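# Observations on chain architecture
What follows is each chain in one-letter form.
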2 protein chains.
Amino acid sequence: MLSKGNCIIGQSGGPTVAINASLSGVLQGIIESDAYNSVYGMVHGIEGLLQGSYLNLSEQFKTKESLDKLAITPSMYLGSCRFKLPHYEVAPEIYEILFNFFTSNDIRTVFYIGGNDSMDTVSKLSRYAAKIQSPIRVIGVPKTIDNDLVETDHTPGFGSAAKFVATTVREIAIDASVYDNKKSVTIVEIMGRHAGWLTAASALARKFEGDNPVLIYLPEVAFNQEEFLEKVKKALETTPNLVVCVSEGINDGNGTFICEFASDVGVDTFGHKMLTGSGKYLENLIKEKLGVKVRSVELNVSQRCSSSCLSKTDLDEADHSGAFAVNAALNGETGKMISFVRANTSPYELSFSTADVNIICNQEKAVPLSWITKDGSDVTDEFIRYAAPLIQGSVDVPTENGLPLFAFRK
Amino acid sequence: MLSKGNCIIGQSGGPTVAINASLSGVLQGIIESDAYNSVYGMVHGIEGLLQGSYLNLSEQFKTKESLDKLAITPSMYLGSCRFKLPHYEVAPEIYEILFNFFTSNDIRTVFYIGGNDSMDTVSKLSRYAAKIQSPIRVIGVPKTIDNDLVETDHTPGFGSAAKFVATTVREIAIDASVYDNKKSVTIVEIMGRHAGWLTAASALARKFEGDNPVLIYLPEVAFNQEEFLEKVKKALETTPNLVVCVSEGINDGNGTFICEFASDVGVDTFGHKMLTGSGKYLENLIKEKLGVKVRSVELNVSQRCSSSCLSKTDLDEADHSGAFAVNAALNGETGKMISFVRANTSPYELSFSTADVNIICNQEKAVPLSWITKDGSDVTDEFIRYAAPLIQGSVDVPTENGLPLFAFRK
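Quick summary incoming for the structure in this document. The written sequence of each chain sets the order in which its residues are numbered from 1. Each chain gets a letter, beginning with A, and each ligand a number, beginning with 1, in the order they are written. For a predicted model such as this one, the threshold for reporting local features is a pLDDT of at least 70, and the threshold for listing and counting side-chain atom pairs is 80 or more; totals across whole chains, interfaces and linings nevertheless cover every residue. The side-chain values count all of the structure's non-hydrogen atoms but skip hydrogen atoms and water molecules.

Let's shift gears to the sheet that holds strand S10 (residues 336-344) of chain A. Residues and elements named next belong to chain A. Reading across the sheet, the seven strands line up as S3-S2-S1-S4-S5-S10-S11 and stay open at both edges, with mixed pairing between neighbours. Of all the strands in the sheet, the pair left with one neighbour each is strand S3 (54-56) and strand S11 (349-356). Between one strand and the next, the sheet's axes are offset by a mean angle of 30 degrees, whatever the strand orientation. Strands qualify as paired when DSSP identifies two bridges or more between them. Only DSSP runs of H or I covering at least 4 residues are called helices, and only runs of E covering at least 2 are called strands; the numbering of each starts at the N terminus. Two elements, strand S2 (residues 39-42) and S3, share three bridges in a ladder whose sense is antiparallel. Its bridge partner being in S3, Gly-41 is matched across the sheet by Leu-55. Sheet contacts for helix H12 (residues 312-330): strand S4 (107-114), strand S5 (137-142), S10 and S11; angle to S11, the most-contacted strand, approximately 45 degrees. Angles run from 0 to 180 degrees between N-to-C directions of axes, and those axes are lines fitted to C-alpha atoms, restricted for helices to the stretch in contact. Any pair of residues with heavy atoms lying within 4.5 Å of one another is described as a contacting pair.

Let us now look at the pairing of strand S2 (residues 39-42) of chain B. All names here are of chain B. Relative accessibility under 20% of the residue-type maximum defines a buried residue, over 50% an exposed one, and the middle range a partly exposed one, all with a 1.4 Å probe and only protein chains included. Alternating residues of S2 divide into Val-39 and Gly-41 and Tyr-40 and Met-42, and every residue in both groups is buried. Direction of pairing for strand S1 (residues 6-11) relative to S2: parallel, over a ladder of three bridges. Paired with Ile-9 across the strands is Gly-41, a residue of S2. Look down the strands so they point away from you; if going from the first strand over the helix to the second traces a clockwise path, that crossover is right-handed. In this view, the connection linking S1 to its parallel neighbour S2 by way of helix H1 (residues 19-33) has right-handed handedness.

The next subject is the interface of chain A and chain B. By convention, interface size is frequently given as the accessible area that disappears when the constituent parts associate. At the junction of the two partners, chain A supplies 70 residues and chain B supplies 69 residues. Definition used for salt bridges: Asp or Glu carboxyl oxygen within 4 Å of a side-chain nitrogen of Lys or Arg. Inspection of the chain A/chain B interface yields four salt bridges. A salt bridge links Asp-175 of chain B to Arg-304 of chain A; the nearest nitrogen and oxygen atoms lie 2.8 Å apart. Here a polar contact is recorded for every N or O atom pair within 3.5 Å, except that within protein the pair must consist of a potential hydrogen donor and a potential acceptor, and residues adjacent in sequence are included only if both atoms are side-chain atoms. Here chain A and chain B share 21 residue pairs in polar contact (both at pLDDT 80 or more) between them. When residues in the side of chain A that touches chain B are grouped by element, the largest group, nine residues, is from helix H7 (residues 158-176) of chain A. Three classes are used, and their members are as follows: Ala, Val, Leu, Ile, Met, Phe, Trp, Tyr, Cys and Pro are nonpolar, Asp, Glu, Lys and Arg are charged, and the others, Gly among them, are polar. Of the residues contributing to the side of chain A that touches chain B, the split by class is 28 nonpolar, 25 polar and 17 charged.

Listed below in structure tokens is the structure:
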């Protein structure tokens, strides 16, 4: 290596609580390798960079304390974007702007942290680099609470989100049980439009066999409303305060989301169609058909931004994957995403590898059908064995005046 | 004291995360005082007891470990009820059943842990005891996340709920800021039909002056929709990712909840009126009138059952108030609720007293108007000074397999 040059990091897609741990890991790896002079950060991902938005990260994160604080901060420190890079034949000027920026700032490596769409950016940038014979390396670092990336055992962000879901569902089940002399149903709606990983994690909430959540529905299996009502009726006989967990994306198997069955519900005072989530829809269905006390709870954005149930395993792995990404770049790799490999199941052990980003960016990994019970209302023990190691260990979040102390861009 | 006799404890009303700390405190106080032979627990409050549902608590909670685990368990260990005792002249047979049970089981004291409605039960039982010249003492132990009891500085359960609200709002604000190159509004709906204490606690989330949540609306002040829209428009100029916190109970000052303005919205597929929360209503209002990106988040039941943001101050105080209740009973008091007295403001110090339960049970304590800004869109520093001490200190929740380990009735 004649001179060290610089590198740049971006974050993109939806927030998770582990994505800053990945950023912290990349920064740590860069400091340890001493392979770059300056580290820049795209502000609001590749879209922000196109508008000239970036900052110098090496100046801001010099100490271990600052990196530790960054690692436990939810959401993207650098800001995010949802921007699909057009193909370079369609918009060559975009690539010219970006690569001119890289060249004029002596950028040798681009690290991009995100999910499927972000890996599409990694794929396009690395292919353009190859086309123009640029030596710039582009490495993807995975993150998504959805856990739906192929070519990796799991994704950072999923473990903490799964832990949040399991903890919260356990608490909601206890909350629901205080009036257990009266029958009631609580529907918990969990994130996941196409993959049910996070909803499946609610099974971890059970304290004993048969405990709530008794019923769990994922988007991977067609949802039958009549069968659902029968299941609820039967479950209420043994579990008077029933908790049911459903993915936001449960559907009829023919491309129609269950919540869309309510789409002719009516309009609000402004003439807008009222949007109803799958939980709200099922709440109304049960109220109408079974006449039992029912409520629905949407776990909402806290699933991806709550720092209160951080999984140490998840954060450590995110951190290490960032450092591994630096090594991969230094070893000359490009157009690759860091892949999580389960080296051993019991005891759980993880190692890292790299995978071709072109394969990853156009696929979604669903929960295997063999991990879902035949009647589609629960997950099997195989899922539990898969997911349990990912939520282990807790993380002390530093506090000030009783509240978590997060890193933020001023 | 010739013989020790027994006592019974009940829990009632809505769940909080501190109500089992109060129960643990009463049990601890009983063990320490050695003043009773056996401690019974009503299962599902006074309503359950009327149906003969109770258990022996002294057998189940003998060790410090078991009491500690109970203290951090959210919701009512003993189950709850929402049952208003009829006046004894209307239904004397109910009182006869209860007092026959007390007498035949040598019950000397009834401890009842709850909010306004539960204090009504304490009031009625103690007045009936006086009427029939029964020596049975009835003591109320306060709890409510709503913090709306009079004759007490605050109520156990509020501190932890306030901490949950402030923490979650801080996280939501960070989550909302990742796309801050585009304007957006996030409405957070917080519990509180008539009193805005919990919504006011969202002000604690701010990391610096002017930080989110920029606007806070409580039920104590009439809500004007036009003024609200003007405020939002103005705030978006300086805070592109605006977070607004509103109580579920915001109203027009003339007895109509804001969410009721949407009540003619339409019916669902079953012909039911669609119920819209205040957050959802304002989301639609902003979408229609300002055309800006907007979403609403309902914090929902986690406000009262999340163990992830326990305030040590809150749990310790709940615990101590339980022990104080035992002493009050042993000192011959009856028809009283344990009252929290702020003995010193800076540094914060708390002491306990007792207050006439008959005054408490028919009133609700609102946030003082002097603690709300003149335009009704924020709280003052006086509120911050009041609330900040109540969220201090964190509690380690014991875990097993990565999830909180709670006490539960088998």
